[in-house]
Amino acid sequence: MRIFVTGGTGLIGSAVVAELLGNGHTVLALARSDASAQAAEAAGAEPLRGGLADLDVLRSGAAQADGVIHLAFGNDFSSPEALAQNVAEETAALTTLGEELVGSDRPLVTVSGTPWVPGRASTEADPVPTDGPVGGRSRTVTAVLGLASRGVRSTSVRMPRTVHNEGAGGFAGLLTNIARQSRISGYPGDGTQRWPAVHALDAAVLFRLALEQAEAGTVWHAVADEGDKVRDIAAVIGRRLGLPVESVPEETYGPLGPIFKADQPSSSTRTRQALGWEPKHPSLLEDLENIQP
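Residues numbered from 1 in each chain as written. Predicted model: local features only at pLDDT ≥ 70, side-chain atom pairs only at ≥ 80, totals over all residues. Heavy atoms only, no water.

- An unreviewed UniProt entry annotates the chain as SDR family oxidoreductase of Kitasatospora cystarginea.

This is how it looks when you write it as C-alpha cells:
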C-alpha cells in the first residue's frame, strides 16, 4: 500500500516509515521543512511539503494514499496555551484527514495516550480521559474512531508515557533534558508513580499491524513495560549524568506536571493476543543506559 504519514521524521515516525518500507509499502511523508524533506527522502519515502496547519496539503496527501498514519504533534509544551494550540492544530488536521477518507474503507491510524485508572493497569477497554491538559486529543481521537460508521477503517494506537530509542524520547527524555539544565535528576512526588514505556522500533511494528489488520473503530496499546517507577527512571538518568536524584516540585514540569505525577501503568494483553504483537527491543531502564554524560 501507499501510505501517507504525518510526523514521519520524528522519533516514532522515522521508525514507522522504516517498518513500512521494510514490509513492502511505499510512503508519502509530510515534511514541514527542507531538513525534514531531505530526511524523508534519505529514508526512502517521498516527501510532501507542508505542516499540520496546511489542510489542503493534508487533503492532497490522503487523496493520493491507500491509507494514513497520523503521528505529528506540536512540540511546544512551554505553557498551557501552547499545549492547547498543539491540540487545536491536531484536531483540525485529523478532522480534515478523516473527511477525505469517508466512504473509502481506507485505514486511518492515529495516536493517543494510554489512560490511567486508579489502582490498576489500564487496558484497551478503558476510555481515554477527555478532561485535563490534553483532553482535547482524546475527544478528537474518539471522533476519529466514530468515522468507522462512515466507511473509514479508523483505529487508534495508544502510546505510553515514554517511547524510547537509544536512551532518548518521551517523558523520560523530558526528565533527562530537564536534569541536564537544572543539574538535578528530579521526579515529582515520591517517585513511586509508574509510567508505561515502549521502544520506538516495537511501537513501529504495532502501527504497521494496525494499518494492515485492525478492524474499524478499534483501540490498541503499544505497551512493552507495564510501569516503571519514576524514581527508578530518575535514578538511571542521575547515574548516567553524574547528578543527584531528588524529588522536585510538580511545577517544575509546567502544564505536564499533573500528568507526570500520576500513577498510570498500562497493559497490552489484548493487543498482543489479537494482533500477534510481541515487543523484542530493550526495556526503558535498559535503554536509558545509552544516555551520554
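Picking up after the structure, the text goes on.
**Things to note about the packing of helix H3 (residues 55-63) against helix H4 (residues 80-101)**
Item 1. Close contact between H3 and H4 brings their axes to 9 Å; oriented N to C, the two are set at 35°. Here the hand of the crossing between H3 and H4 comes out right-handed. Touching Leu55, Leu58, Arg59, Ala62 and Ala63 of H3 are Ala92, Ala93, Thr96, Leu97, Glu100 and Leu101, all from H4.
Item 2. The residue makeup of the contact of H3 with H4, split by class, is eight nonpolar, one polar and two charged. (Axes fitted to C-alpha atoms, helices over the stretch in contact; angles between N-to-C directions. Helix = DSSP H or I, 4+ residues; strand = E, 2+ residues; numbered from the N terminus. Left-handed = near helix turned anticlockwise from the far one by under 90°. Contact = heavy atoms within 4.5 Å. Nonpolar A, V, L, I, M, F, W, Y, C, P; charged D, E, K, R; others polar.)

**Notes on the packing of helix H1 (residues 11-21) against helix H7 (residues 200-213)**
Item 1. One way to put it is that H1 packs onto H7 with a least axis distance of 8 Å and a crossing angle of 55°. Considered as vectors, H1 and H7 are oriented oblique to each other. Judged by the sense of rotation from one axis to the other, the crossing of H1 with H7 is right-handed. Contacts from Leu11, Ile12, Ala15, Val16, Glu19 and Leu20 of H1 reach H7 at Ala200, Leu201, Ala204, Val205, Phe207, Arg208 and Leu211. (Parallel < 35°, antiparallel > 145°, perpendicular 65-115°, else oblique.)

**Examining the pairing of strand E10 (residues 218-221)**
Item 1. The alternating pattern of E10 places Thr218 and Trp220 and Val219 and His221 on opposite faces, both of which are buried.
Item 2. Judged from the four bridges that link them, strand E6 (residues 153-159) and E10 form a sheet pairing that is parallel. Bridging from a neighbouring strand, serine 156 pairs with valine 219 of E10. (Buried < 20%, exposed > 50% of the residue type's maximum accessible area, 1.4 Å probe, protein only. Pairing = 2+ DSSP bridges.)

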